[in-house]
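Listed below are the residues making up each chain.
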Amino acid sequence: MKKKIIVTGCAGFIGSNLSLRLLDDPECEVLGIDNFYTGSEANVSMLEKKKNFSFINHDIIEPIYAAADEIYHLASPASPVFYQKNPIRTLKINFLGTLNVLGMARKNNAKVLLSSTSEIYGDPLMHPQREDYCGNVNPIGVRACYDEGKRIAETLMFEYRRNHNLKIKVCRIFNTYGPYMSENDGRVVSNFINQALNGNNLTVYGSGEQTRSFCYVSDMVDGLVSMMATDDSFTGPVNLGTDDERKISEIAEMIIKLSSSLSAVEFKSLPSDDPCKRKPDLSLARKKLSFEPKVTLEEGLKKTIEYFRRKK
Ligand code: UDP
C-alpha cells in the first residue's frame, strides 16, 4: 500500500516545494488541497505533471474528509501583506481550518504536522528565540490575525493530542525564501529581487537595522520531512530556519550586488508591530532532527534571483 499524504496549502510557496519533494518518492501519493486564496495555479499545474499527485480545490474553512496517513497542514496566508488583506479570514483559516484538519486527522488516525511560525514570538524579548519562550505578541495589533491565529492553531494541536491522543508535530517556521515564491506577496526577498530586476528602487522599511534570518526553501523542506519522520512521542514545537541573522539593509545590498542591478535603496516607513529582530535557537532541531541548513544566503539568493529572472 502506498503512503497517502495530504498537503494543505499545496499551491503556496512552501507547500509546492514540499509536495515536489514528497512526490519524488514513488511509494507516496500526495493529495494537495488549496483554494488559490494566495497560492498559484501555476504551482499546481507543475505538481499535476507528476502521476502520484492529485488535487482538490477546497477552502479549508469548510469541513473536508479524505483518506490519509500523514497530513502537512500549511494552508494559511503567510506574508504580512496577504494575511492583513482580510484579517478575519486569516483568523478563520487558522482556527476553523486547523480544526477541520484535526477532525480529518482524527478520523484517519493520521499524523498531522502544523506549519506554525516565528510570529508566535511577536517582537521577541528573548534572543535568539527558543521554543520555551512564550513570546511578546500584541493581541490587538495589525499582525495579531496571523500571530494569534497561529497561536490558537498550536493550542488546538496540543488539545487534540491531550484529549484524543492524536499524533501531532508542530514546526515554527522562520523567514524562508526561494523558487515558487509569489512575485507580489510583499515579502522582503521577493520584493527586493523583483525591484532589482525591474530597475526600481529597493524599498527598505524603517532604518533597515531590523534583522531576520533567511532560510532557503530546500533546507526548510528537509526540516519538515524530518520532523514528520520523528518518533510519535516528539511533538515539538520545534523551530526551523537558519541562525544566520542579517540586517534588512544588508539583504538589500546583497541583492543589488548579486543581480548586478543599478537600483538604489529607498527608505519607507516601518509597518506597525514589525519585529526588531528575529533569529531561531536551533538547538532542539539539531538535536532531534539532525537539522542543519546547508544553503548559504549568497547561494540561495543567487538561485532565487535566477528563478525570478527566468519567469520574466
Ligand atoms: N521589508 C522591507 N521592504 C519590503 C518588504 C519588507 O524592508 O519591501 C522588511 C519588513 O519591514 C520586515 C522585514 O523586511 O522588517 C521582513 O519582512 P517580510 O514581510 O518578508 O516578513 P516578516 O518577517 O516581517 O513576516
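Structure's up top.
None of the values given here were measured: they were computed from a predicted structure.

Definitions and cut-offs
- Residues numbered from 1 in each chain as written.
- Predicted model: local features only at pLDDT ≥ 70, side-chain atom pairs only at ≥ 80, totals over all residues.
- Heavy atoms only, no water.
- Phe/Tyr/Trp six-rings, centres within 6.5 Å; stacked < 30°, edge-to-face > 60°.
- Helix = DSSP H or I, 4+ residues; strand = E, 2+ residues; numbered from the N terminus.
- Buried < 20%, exposed > 50% of the residue type's maximum accessible area, 1.4 Å probe, protein only.
- Core = buried A, V, L, I, M, F, W, Y, C linked by side-chain atoms within 4.5 Å.
- Contact = heavy atoms within 4.5 Å.

(A) Geometry of the packing of aromatic side chains. Scanning the entire structure with this criterion turns up seven aromatic pairs. Between Phe 36 and Phe 55, the ring centres sit 5.5 Å apart and the planes meet at 40°, which makes this aromatic pair tilted. With Phe 36 in the loop between β2 (28–34) and α2 (41–48) and Phe 55 in strand β3 (residues 53–57), this pair connects stretches of sequence that are 19 residues apart. Residue classification places Phe 36 among the partly exposed positions, given a relative accessible area of 21%. Using a relative accessible area of 21% as the deciding quantity, one classes Phe 55 as partly exposed. On the numbers, 5.6 Å between centres and 70° between planes, the contact of Tyr 177 with Tyr 216 is edge-to-face. Note that Tyr 177 is positioned in strand β7 (residues 176–177) and Tyr 216 in strand β10 (residues 215–216), a separation of 39 residues in sequence. Residue Tyr 216 is classed as buried on the basis of its relative accessible area, which comes to 7%. An aromatic cluster of at least three residues, connected via ring pairs, comprises Tyr 121, Tyr 133 and Phe 174.

(B) The nonpolar core, seen in detail. Residues Tyr 72 and Leu 224 are the most contacted members of the largest nonpolar core, which totals 56 residues. Those residues in contact with Tyr 72 that sit more than four places away from it in its chain are Ile 5, Ile 6, Val 7, Thr 8, Leu 18, Leu 22, Leu 113, Leu 224, Val 225 and Met 228. Judged by nonpolar contacts, the second largest core, of 27 residues, contains Ile 60, Val 112, Leu 156 and Tyr 160.

Read these as layout, nothing more, since geometry by itself doesn't imply function.
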